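# Chain and residue survey
Below, each chain spelled out in residue letters.
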Amino acid sequence: MADVRPLHAPQPAGATGVVVFADGRTVWGQGFGAEGEAVGELCFNTAMTGYQEVMTDPSYAKQVIAFTFPHIGNVGANDEDVEAGEAHALGCLVREVVTEPSNYRANYGFADWMRKWGRIGICGVDTRALTRLVRTEGPPNIAIAHRADGKFDLEALHKMAAEWPGLEGMDLAKEVSRLQVERWSGGKWAWGAGYELRDSPHAGTVPGQAIPHVVAVDYGNKRNIFRLLVEAGARVTVVPAQATFEEIMAHEPDGFFLSNGPGDPAATGEYAVPVIRSMLETRKPLFGICLGHQMLALAVGGKTSKMFQGHRGANHPVKRLADGRVEITSMNHGFAVEREGLPDNVSETHVSLFDGSNCGIELTDRSAFSVQYHPEASPGPQDSFYLFERFVGAMK
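Below is a short write-up of the structure. From a predicted model like this one, the values you see are computed outputs, not experimental measurements.

It is worth spelling out the packing of helix H8 (residues 265-282) against helix H9 (residues 291-299) at this point. When two helices pack together, you describe them by how their axes are tilted relative to each other and by the distance separating the axes. Two numbers describe how H8 lies on H9: the axes approach to 8 Å, and their chain directions differ by 70°. Classified by the angle between their axes, H8 and H9 sit roughly perpendicular to one another. At the point where H8 passes H9, the crossing takes the right-handed sense. Contacts from Pro 265, Ala 266, Thr 268, Gly 269, Ala 272, Val 273, Ile 276, Arg 277 and Leu 280 in H8 reach Leu 291, Gln 294, Met 295, Leu 296, Leu 298 and Ala 299 in H9. For the contact of H8 with H9, the class distribution of residues is 11 nonpolar, 3 polar and 1 charged.

Enumeration according to the criterion identifies 0 disulfides in this entry. As a non-bridged cysteine, Cys 123 has Cys 92 as the owner of its nearest cysteine sulfur, 9.3 Å distant. In this structure Cys 123 comes out as buried when scored by relative accessible area, which is 5%.

Counting 31 residues, the largest nonpolar core has Tyr 219, Ile 248, Leu 258, Ile 276, Met 279 and Leu 286 as the members making the most contacts within it. Those elements that provide at least two residues to this core are strand S12 (213-218), helix H7 (245-249), strand S14 (255-258), H8, H9 and strand S19 (358-363). Excluding residues that lie within four positions of it along the chain, Ile 248 makes contacts with Val 215, Val 217, Val 239, Ala 243, Pro 253, Phe 256, Val 275 and Met 279. Counting 27 residues, the second largest nonpolar core, distinct from the first, contains Ala 216, Val 236, Phe 369 and Val 392.

The subject of this paragraph is the packing of helix H6 (residues 223-231) against helix H10 (residues 386-394). Direction vectors running N to C along H6 and H10 enclose 55°, while the axes themselves pass 9 Å from each other. Here H6 is positioned oblique relative to H10, judged by the angle of their axes. H6 and H10 meet at a crossing whose hand is right-handed. Residue-level inspection shows Ile 225, Leu 228 and Leu 229 of H6 in contact with H10, the latter providing Phe 388, Phe 391 and Val 392. Class assignment for the residues of the contact of H6 with H10 results in 6 nonpolar, no polar and no charged.

Below, the discussion takes up the environment of Gly 269. Relative to the assigned elements, Gly 269 resides in helix H8. C-alpha of Gly 269 to C-alpha of Arg 235: the two residues are 34 residues apart in sequence and 26 Å apart in space. When near neighbours in sequence (up to four residues on either side) are disregarded, Gly 269 contacts Pro 274 and Met 295.

This brings us to the sheet that holds S19. Pairing in this open sheet of 10 strands is mixed, and the strands run S9-S13-S12-S14-S15-S20-S19-S18-S16-S17 from one edge to the other. What marks the edges here is a single partner per strand, and that holds for strand S9 (182-183) and strand S17 (326-338). Of the pairings in the sheet, the one linking S12 to S14 comprises 4 bridges and is parallel in character. Along S14, the bridge assignment pairs Val 214 with Gly 255. Relative to S14, H8 is tilted by about 165°, and along the sheet it contacts S12, S14, strand S15 (286-289), strand S16 (303-320), S17, S19 and strand S20 (368-371). Across the sheet, H10 lies against S12, S14, S15, S16, S17, strand S18 (346-352), S19 and S20, angled at about 155° from S15, the strand it touches most.

Here is what the cut-offs are and how they apply
By convention here, each chain's residues receive numbers from 1 onward along its written sequence. Given that the model is predicted, a residue must reach a pLDDT of at least 70 before its local features are reported, and side-chain atom pairs must reach 80 or more before they are shown or counted; all residues, however, enter totals for whole chains, interfaces and linings. Only hydrogens and water are set aside; all other atoms, that is, all heavy atoms of the structure, feed into the side-chain values. Axis definition: a line fit to C-alpha positions, over the contact stretch in the case of helices; interaxial angles, taken between N-to-C directions, run 0 to 180 degrees. Helix and strand labels come from DSSP, where a helix needs a run of H or I of at least four residues and a strand needs a run of E of at least two; each type is numbered from the N terminus. Angle categories: roughly parallel below 35 degrees, roughly antiparallel above 145, roughly perpendicular from 65 to 115, and oblique for all the rest. Throughout, a crossing is termed right-handed when the near helix is turned clockwise from the far one, and left-handed when it is turned anticlockwise from it by less than a right angle. In what follows, residue pairs with any heavy atoms lying within 4.5 Å of each other are defined as contacts. Each residue is assigned to one of three groups, with Ala, Val, Leu, Ile, Met, Phe, Trp, Tyr, Cys and Pro labelled nonpolar, Asp, Glu, Lys and Arg labelled charged, and all others, Gly among them, labelled polar. A pair of sulfur atoms, both from cysteines and within 2.5 Å, is called a disulfide here. Each residue is assigned to one of three classes by its accessible area relative to the maximum for its type, calculated with a 1.4 Å probe on protein chains only: buried under 20%, partly exposed between the two thresholds, exposed over 50%. The definition of a nonpolar core used throughout is a set of buried Ala, Val, Leu, Ile, Met, Phe, Trp, Tyr and Cys residues joined through side-chain atoms within 4.5 Å. When DSSP finds at least two bridges between two strands, those strands are taken to pair.

Purely geometric stuff here, so don't read any function into it on its own.
Here it is in structure tokens:
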């Protein structure tokens, strides 16, 4: 890797951003966005669009994203293309300098948007080399820093990266989850109109018809999940990650939804799994996505493990085993469900065509299923909306 240098290598002229690895290697570049420093795990994302949605996905908590597409930021930023109320990724690394916005929807530049949310960006980085590093060595722990004056304490940054414990064993769902119950409102985005400001009880239903009520557990949800549940004909109430079974049932749900989220599923499962097991005992329909998929697997006796490099992008092919159909999907996960050891009442439904890892399960003795990928996309293809329709249909 031409731009990964030993610690204390001469700083290039004009460098205002630096990445320091736990083993002492450094990457120099030009900083943008917020000044400061942060420590976390380096990963890469292959999506060509949707960098705001990616940066605001809570599943990226404690991670720095190297975008493989070189021209990140060139369409600017706006207040609509976000999946949470703030940016959750620690920062991003990009190849080209962030230019002035070139899109009619832009309210401001990407650098200004990053500064607004206190997130560090570093451009001028060989992201292809970093991607190869993650693919060959696994995701490293790193510290990133941006200083306009170019003055860095490399020893301190090295120590930050070396001492950071990593994501294994880390429960981050409770850190990014909402703290209060929310009745969701809002539909999907429409060209020229933005996101529909409609109340979920009236969306996608026939007058006089009962409206299925979903109680969704927020482990670090993306907003588009709830928009598509509304689009499929449900009304949605969202509860915090640590909500008890009694608190959930007080909302009189017709079905349960388990959201995506960050961190180690085994750690989150310490409080989530008992609640999910009680949900399953009701035999009401249940649907999980990403971390929610992993939570369901743990609840029925399965296991999860840290992946070598993870899956992050908007073009991941997944095979549906029932009929052989291939769905092109969005993904963002660094842990996976182990198919070995799943009980007899669990059927594998989807597999990754990249590495063969598990991407979906369903229970054969009740209406409960989950997928590892993100059928709500945002960004990404919309091949998998049928899953929302299937779930909502099961509650009618």
